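The primary structure of each chain is shown beneath.
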Amino acid sequence: MAPFLMLAGRILIALIFLISGFSKIGNFSGTAGYMASKGMPASGFLLVMAILVELSGSLLIITGYKARWGAWALFAFMIPATLIFHTDFADQNQVIHFLKNISMMGALLIIAASGPGPLSLDKK
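Residues numbered from 1 in each chain as written. Predicted model: local features only at pLDDT ≥ 70, side-chain atom pairs only at ≥ 80, totals over all residues. Heavy atoms only, no water.

Participant: What is the right way to look at the packing of helix α1 (residues 2-26) against helix α3 (residues 43-63) in this model?
Facilitator: The description of two packed helices rests on the angle between their axes and on the distance between the axes. With their axes 8 Å apart at the nearest point, α1 and α3 run at an angle of 155° to one another. In terms of orientation, α1 lies roughly antiparallel with respect to α3. α1 and α3 meet at a crossing whose hand is left-handed. Facing α1, whose interface residues are L7, R10, I11, I13, A14, F17, L18, S20, G21, F22, K24 and I25, α3 presents L47, I51, E54, L55, S58, L59, I61, I62 and T63. (Axes fitted to C-alpha atoms, helices over the stretch in contact; angles between N-to-C directions. Helix = DSSP H or I, 4+ residues; strand = E, 2+ residues; numbered from the N terminus. Parallel < 35°, antiparallel > 145°, perpendicular 65-115°, else oblique. Left-handed = near helix turned anticlockwise from the far one by under 90°. Contact = heavy atoms within 4.5 Å.)

Structural data, given as structure tokens:
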């Protein structure tokens, strides 16, 4: 049962990044504009980098191929994303997003530490 739970956990944590990456592609100019409004220089370039990290990191975690690399990449991505976009603690919604990101970072650290488990491409 544990191997299936690890696979399910990997899919669930990675799904938010996969959906977010595709969502950024679908609303590229709007997302780049929002990033620029937060003072980010070269928002178009940084947005492309964010999309690449989210899509590749999530796929690495889901498939279990180099899942630790994917987890570390997404963890590193989450640090500036959280600090830039979710630190207005006067706004309850931003507090929730901040805490959500911290939780996701914890899950990514678990994957980075323990690996993908037996149901993964790395174990084949």
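Participant: What exactly am I supposed to notice about the nonpolar core here?
Facilitator: Across soluble globular proteins, nonpolar side chains show a tendency to be buried alongside one another. Counting residues in hydrophobic clusters, the biggest one holds 17 residues, and the most contacted among them are I13, F17, I61, A71, M78, L108 and I111. Elements with a contribution of two residues or more to this core: α1, α3, α4 (67-85) and α5 (92-114). At seven residues, α4 tops the list of elements feeding residues into this core. Setting aside anything within four residues of it in sequence, one finds I13 in contact with I61, M104, A107, L108 and I111. (Core = buried A, V, L, I, M, F, W, Y, C linked by side-chain atoms within 4.5 Å. Buried < 20%, exposed > 50% of the residue type's maximum accessible area, 1.4 Å probe, protein only.)

Participant: When you look at the packing of α1 against α5 in this model, what are you seeing that I'm missing?
Facilitator: Contact pair α1 / α5: the axes reach a minimum separation of 11 Å and the direction vectors enclose 135°. The angle between α1 and α5 places the two elements in the oblique class. Handedness of the crossing formed by α1 with α5: left-handed. Of α5, the residues touching α1 (which contributes M6, R10, I13, I16 and F17) are K100, M104, A107, L108, I111 and S114.

Participant: Even after reading the chapter, I still don't get a nonpolar patch on the surface, so can you show me in this structure?
Facilitator: On the surface, F28, F45, L46, V48, M49 and L52 cluster together into a nonpolar patch covering about 500 Å² of accessible area. Looking at the nonpolar patch element by element, the count peaks at five residues for α3. Residue placement: F28 occurs in helix α2 (residues 28-37). The class of F28 is partly exposed, set by a relative accessible area of 32%. (Patch = residues over 30% accessible without salt bridge, like charges linked within 9 Å, V, L, I, M, F, W, Y side chains within 5 Å. Areas by Shrake-Rupley, 256 points an atom, 1.4 Å probe, with all protein chains shown as cover. Salt bridge = Lys/Arg side-chain N within 4 Å of Asp/Glu carboxyl O.)

Participant: Can you help me understand the pattern of salt bridges in this one?
Facilitator: Side chains that carry opposite charge are capable of pairing whenever their charged atoms lie near each other. Taken as a whole and judged by the stated rule, the model has one salt bridge. Taking the shortest distance from any N to any O, the salt bridge between K24 and E54 comes out at 3.0 Å. On the criterion of sequence distance, the pair formed by K24 in helix α1 and E54 in helix α3 is long-range, its members being 30 residues apart. For the pair shown, K24 and E54 are each scored as buried.

Participant: Quick question: what am I supposed to make of the layout of surface pockets here?
Facilitator: Over the atoms, a rolling probe the size of a water molecule traces out where space has been left empty. Here the largest pocket defines a volume of roughly 690 Å³. Contributions of two or more residues to the lining of the largest pocket are made by α1, α2, α3, α4 and α5. Among the elements that line the lining of the largest pocket, the one with the most residues is α4, at six residues. In terms of residue class, the lining of the largest pocket is built from 16 nonpolar, seven polar and three charged. (1 Å grid on protein atoms, 1.4 Å probe; cavity = no way out; pocket = protein on both sides within 12 Å on 5 of 7 lines; lining within 4 Å. Points joined across faces, edges and corners; volume = space filled by probe spheres on them. Nonpolar A, V, L, I, M, F, W, Y, C, P; charged D, E, K, R; others polar.)

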